[in-house]
Amino acid sequence: MRIELDDISLSFQPGTPFAVKALDRVSLMVRPGERLAIAGSTGSGKSTLLGVMAGILRPAAGRVLHDGQALSRKPRLQPGRIGLGLQSPENCLFEKTVFDDVAFAPRRMGLDGERLGQRVMWALECVGLDAAASATREPFSLSVGEQRRVALAGVIAAEPAVLLLDEPTAYLDPATRRDLLERLLAMNDERGTTMVVVGHDMDELAVFAERLVIMDDGRVAADGPADKLLKDEALLERYGLEAPGTVRLCRLLSGCAGREFAAVLDEEQAANLLQEIMGWGPGG
């Protein structure tokens, strides 16, 4: 599914002394099957941009198109096409069991019986939960990390063509964060799901993103291949972002060794470079 934003502007509380411009003439396209990351400082317009893409926020100017078709002026989410994971998704849990919570969207789409059960179990497995053990549990008896996974499973269960996720790994432990990222990558690879992720952890975005958009003051400040923009420390610093750890390591090693090393994003490559310089490799 292709999403196009054409000269989008949006303000909150317009016409009042408290008016805030959230998006200012934003144009961009999300291509089918793409993994796009959106980064930027607090208040830069990242989450608002996600809401406009999803069709739940109505811009004051400009057009939003899904597969070339302009969205209705009435804000709404399209089940089965767009899956939206908001910040603090655990606050969206409301059913008595994990199964019923994850089954909510598929039921509205007409699934029942065995097909419904299979869809729910598949979605729970997609986010790394033991489907058999967790399905009958009360959502609020789970840890926050597990609740977040259940909420994401509820989004995935609708089998959307596009996943829009706002900080999906926030407040998770490092091992869980990495596991969830790997599962999202696998879903993109195996099912061709288009993914747009808002994030602030540049190390995670280096693993996830093919393309990076940097937002600043409601505008697109930079848009390009992630493996290029994430190596540009000056650019990232300009917009209040810190380069991935591997990029900073390469800079430090260049200073220590007295010669320039090209920045890398791959952790294994960075580790090999460190071993080479420190003489930790075979025979070192």
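This is a predicted model, so every value here is computed, not measured.

(A) Local environment of the overall build of the chain. Helix and strand counts for the chain come out as 11 helices and 10 strands. In terms of overall size, the chain behaves like a compact globule, its C-alpha atoms giving a radius of gyration of 21 Å where 284 residues would be expected to give roughly 19 Å. Projecting the C-alpha coordinates of the chain onto the three principal axes gives extents of approximately 65 × 50 × 35 Å. Within the chain, the proportion of its 284 residues that are buried is 48%. Of the roughly 14,200 Å² that the chain leaves accessible, carbon and sulfur atoms contribute 49%. Each charge sign in the chain was given a centre, from 32 positive and 41 negative side chains, and these centres are 7 Å apart.

(B) Seen up close, the sheet that holds strand 5 (residues 69-70). The strand order 2-1-4-5 describes an open sheet built from four strands, whose pairing is antiparallel. What marks the edges here is a single partner per strand, and that holds for strand 2 (20-30) and strand 5.

(C) Broad picture of helix 11 (residues 267-278). With 12 residues, helix 11 ought to run about 16 Å at 1.5 Å a step, and its terminal C-alpha atoms sit 16 Å apart, in line with that. Between the side-chain oxygen of the N-cap and the backbone nitrogen of Glu268 there are 3.0 Å, and the N-cap of helix 11 in question is Asp266.

(D) Molecular detail of the domain arrangement of the chain. Domain parsing of the chain yields domain 1 (3-226) and domain 2 (244-284). Look at where the C-alpha atoms of domain 1 and domain 2 centre, and you get two points 35 Å apart. Domain 1 puts five residues into the contact, and the matching count from domain 2 is six residues. For the pairing of domain 1 and domain 2, the buried interface totals around 360 Å² over both sides, and the portion due to carbon and sulfur atoms is 51%. Here domain 1 is connected to domain 2 by one salt bridge. When residues of the side of domain 1 that touches domain 2 are assigned to their parent elements, the largest contribution, three residues, is made by helix 7 (residues 202-208). Classifying every residue of the side of domain 1 that touches domain 2 by side-chain character gives three nonpolar, no polar and two charged.

(E) Spotlight on the nonpolar core. In terms of nonpolar packing, the biggest core is built from 53 residues, with Val102, Leu124, Ile156, Leu163, Leu212 and Ile214 touching the most fellow members. Among all residues touching Ile214, those that are not within four sequence positions of it are Ala39, Arg219, Val220, Ala221, Ala222, Leu235, Leu236, Tyr239 and Leu241. In terms of nonpolar packing, the next biggest core, distinct from the first, is built from 26 residues, Leu23, Val26, Val64 and Val213 among them.

(F) Representation of the environment of Asp227 within the structure. Structurally, Asp227 can be placed in helix 8 (residues 226-229). C-alpha of Asp227 to C-alpha of Arg211: the two residues are 16 residues apart in sequence and 7.8 Å apart in space.

(G) Region of the structure containing the layout of surface pockets. Computed from the structure, the second largest pocket encloses a volume of approximately 190 Å³. For the second largest pocket, the lining is made up of 14 residues, of which Gly40, Ser41, Thr42, Lys46 and Glu167 are closest to its centre. Across the lining of the second largest pocket, the residue classes break down as one nonpolar, 11 polar and two charged.

(H) Here's a closer look at the packing of helix 5 (residues 144-156) against helix 6 (residues 174-191). The geometry of helix 5 relative to helix 6 is characterised by a closest axis approach of 13 Å and an angle of 10° between their N-to-C directions. Classified by the angle between their axes, helix 5 and helix 6 sit roughly parallel to one another. Counting all contacts with helix 5, which are made through Arg149, Leu152 and Ile156, the residues of helix 6 involved are Thr176, Asp179, Leu180, Arg183 and Met187. Tallied by class, the residues present in the contact of helix 5 with helix 6 amount to four nonpolar, one polar and three charged.

Thresholds, definitions, all that
Residues numbered from 1 in each chain as written. Predicted model: local features only at pLDDT ≥ 70, side-chain atom pairs only at ≥ 80, totals over all residues. Heavy atoms only, no water. Helix = DSSP H or I, 4+ residues; strand = E, 2+ residues; numbered from the N terminus. Rg over C-alpha atoms; globule rule 2.2 N^0.38 Å. Buried < 20%, exposed > 50% of the residue type's maximum accessible area, 1.4 Å probe, protein only. Areas by Shrake-Rupley, 256 points an atom, 1.4 Å probe, with all protein chains shown as cover. Lys, Arg positive; Asp, Glu negative; His and termini not counted. Charge placed at Lys NZ, Arg CZ, Asp CG, Glu CD. Pairing = 2+ DSSP bridges. Expected span 1.5 Å × (residues − 1). Polar contact = N/O pair within 3.5 Å; in protein donor to acceptor, adjacent residues only side chain to side chain. Domains from an automatic or database assignment. Contact = heavy atoms within 4.5 Å. Buried area = accessible area lost by both parts, 1.4 Å probe. Salt bridge = Lys/Arg side-chain N within 4 Å of Asp/Glu carboxyl O. Nonpolar A, V, L, I, M, F, W, Y, C, P; charged D, E, K, R; others polar. Core = buried A, V, L, I, M, F, W, Y, C linked by side-chain atoms within 4.5 Å. 1 Å grid on protein atoms, 1.4 Å probe; cavity = no way out; pocket = protein on both sides within 12 Å on 5 of 7 lines; lining within 4 Å. Points joined across faces, edges and corners; volume = space filled by probe spheres on them. Axes fitted to C-alpha atoms, helices over the stretch in contact; angles between N-to-C directions. Parallel < 35°, antiparallel > 145°, perpendicular 65-115°, else oblique.

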